[in-house]
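# Fold and geometry: a report
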Amino acid sequence: MSVITIQSPKHCATKQVLKIERNYKKIFFAFSTFFTTILLLILLIYFILKPSKPQFSLQELDIYQLNLTGPILNSSIQLTLLSKNPNQKVSIYYDEFQVYATYKNQQITSDSYVPPFYQGQQESNLLSSSLVGNGLPVAPSIGYQMGHDQASGRLGLNLKVNGKLRWKIGTWVSGRYRFNVNCVSVVAFGIGTSMNVAPMTSQCSTII
């Protein structure tokens with residue numbers, strides 16, 4: 001004698017819903033596994049080819065004006081930076097590149113912007129920028145410090161760069177990374193000394 005099992009329509013519908021849910025879970029799991037694998041592969045490639053920081057050096061620094069009248073400073077500086085990508089397998093997109101000068105930790109020029117550019121593997125670029133400060137208010141101590149530097153014959157300036165870059169490894173391009181460059185420069189600065197001189201000493205450091 002056979003047993004006939006009769007299932008209600010509600011029971012069948014429940015089983016169908018559970019089957020669909022299981023299929024969706026399988027599809028979701030498959031996609032999650034795929035994207036996780038791709039992400040891990042990209043991270044693995046990134047860490048294997050971990051980019052070295054770009055290198056900067058100050059090639060030329062011309063001070064055309066550095067005039068202090070009371071608490072007001074007027075300045076005009078022309079500089080040329082050498083930017084080098086030391087990586088053999090990584091290129092760089094510079095999306096933002098902002099340059100300015102500081103003296104005794106106080107900004108003495110307005111921001112100057114270099115247009116976005118691409119830098120290939122082990123490529124170098126010369127970047128020129130004009131820095132101007134018209135009627136900038138400065139601390140009262142700046143006048144005393146500048147007079148002291150003029151008497152010593154040396155003036156210390158910091159040329160700074162703030163920006164954003166992206167790494168390019170093969171066809172993969174990273175997200176944006178903020179970078180900061182600080183070039184510490186010392187130039188001859190005395191009574192009767194021409195202001196248009198190459199820096200006596202200069203050293204640049206990059207932070208990403």
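Residues numbered from 1 in each chain as written. Predicted model: local features only at pLDDT ≥ 70, side-chain atom pairs only at ≥ 80, totals over all residues. Heavy atoms only, no water.

Quick look at the sheet that holds strand β7 (residues 124–137) now. Taking strand neighbours across the sheet as the criterion, the 3 strands line up as β1-β2-β7 in an open arrangement whose pairing is antiparallel. The open sheet is flanked by β1 (55–69) and β7, the only strands paired with a single partner. Within the sheet, the average angular offset between the axes of one strand and its neighbour, ignoring direction, is 10°. Note that strand β2 (residues 72–84) and β7 share 12 bridges and pair antiparallel. Along β7, the bridge assignment pairs Leu79 with Ser129. (Pairing = 2+ DSSP bridges. Helix = DSSP H or I, 4+ residues; strand = E, 2+ residues; numbered from the N terminus. Axes fitted to C-alpha atoms, helices over the stretch in contact; angles between N-to-C directions.)

Right, let's get into the side chain of Ser174. Inspection of the secondary structure assignment puts Ser174 in the loop between β9 (172–173) and β10 (177–189). Within polar-contact distance, the side chain of Ser174 engages the backbone nitrogen of Trp167 at 2.9 Å. Not counting chain neighbours up to four residues away, the residues in contact with Ser174 comprise Arg166 and Trp167. (Polar contact = N/O pair within 3.5 Å; in protein donor to acceptor, adjacent residues only side chain to side chain. Contact = heavy atoms within 4.5 Å.)

To continue, consider the state of the cysteines. Here, the word disulfide means a covalent bond between the sulfur atoms of two cysteines. A full pass over the atoms with the stated rule returns 1 disulfide. Each sulfur of the disulfide joining Cys183 and Cys204 lies 2.0 Å from the other. Here the S-S torsion is close to 110°, and the disulfide linking Cys183 with Cys204 is therefore right-handed. Separated by 21 residues along the polypeptide, Cys183 in strand β10 and Cys204 in strand β11 (residues 201–207) bring together distant segments of the chain. (Disulfide = S-S within 2.5 Å.)

For a regular strand, side-chain orientation follows a simple rule: the groups alternate between the two sheet faces. As defined by bridge partners, β1 adjoins β2 across 13 bridges and the pair is classed as antiparallel. The residue of β2 that forms the bridge with Gln55 is Lys84. If you look at the hairpin formed by β1 and β2, you'll find 2 residues sitting between the two strands, and Gly70 has a positive phi there, around 65°.

Right, let's get into the nonpolar core. In terms of nonpolar packing, the biggest core is built from 36 residues, with Phe97, Leu157 and Leu159 touching the most fellow members. Looking at this core, the elements that each hand over two or more residues are β1, β2, β3 (91–103), β7, α2 (141–152), β8 (153–169) and β10. Looking at which element gives the most residues to this core, the answer is β8, with 7 residues. If near-sequence neighbours (up to four positions away) are discounted, Phe97 is found in contact with Phe56, Ser112, Tyr113, Val114, Phe117, Leu127, Val161, Asn162, Gly163 and Phe179. (Core = buried A, V, L, I, M, F, W, Y, C linked by side-chain atoms within 4.5 Å. Buried < 20%, exposed > 50% of the residue type's maximum accessible area, 1.4 Å probe, protein only.)

Bringing the environment of Gly156 into the picture now. Turning to its location among the elements, Gly156 is positioned in strand β8. A residue is classified by how much of its surface remains accessible, and Gly156, at 30% relative accessible area, is partly exposed. Separated by 28 residues in sequence, Gly156 and Val184 place their C-alpha atoms 7.2 Å apart. Not counting chain neighbours up to four residues away, the residues in contact with Gly156 comprise Tyr103, Asp149, Ser185 and Val186.

Right, let's get into unusual backbone geometry. Despite not being glycine, Asn105 shows a phi value in the positive range, around 65°. Despite not being glycine, Gln122 shows a phi value in the positive range, around 55°. As for its placement among the helices and strands, Gln122 is situated in the loop between β6 (117–119) and β7.

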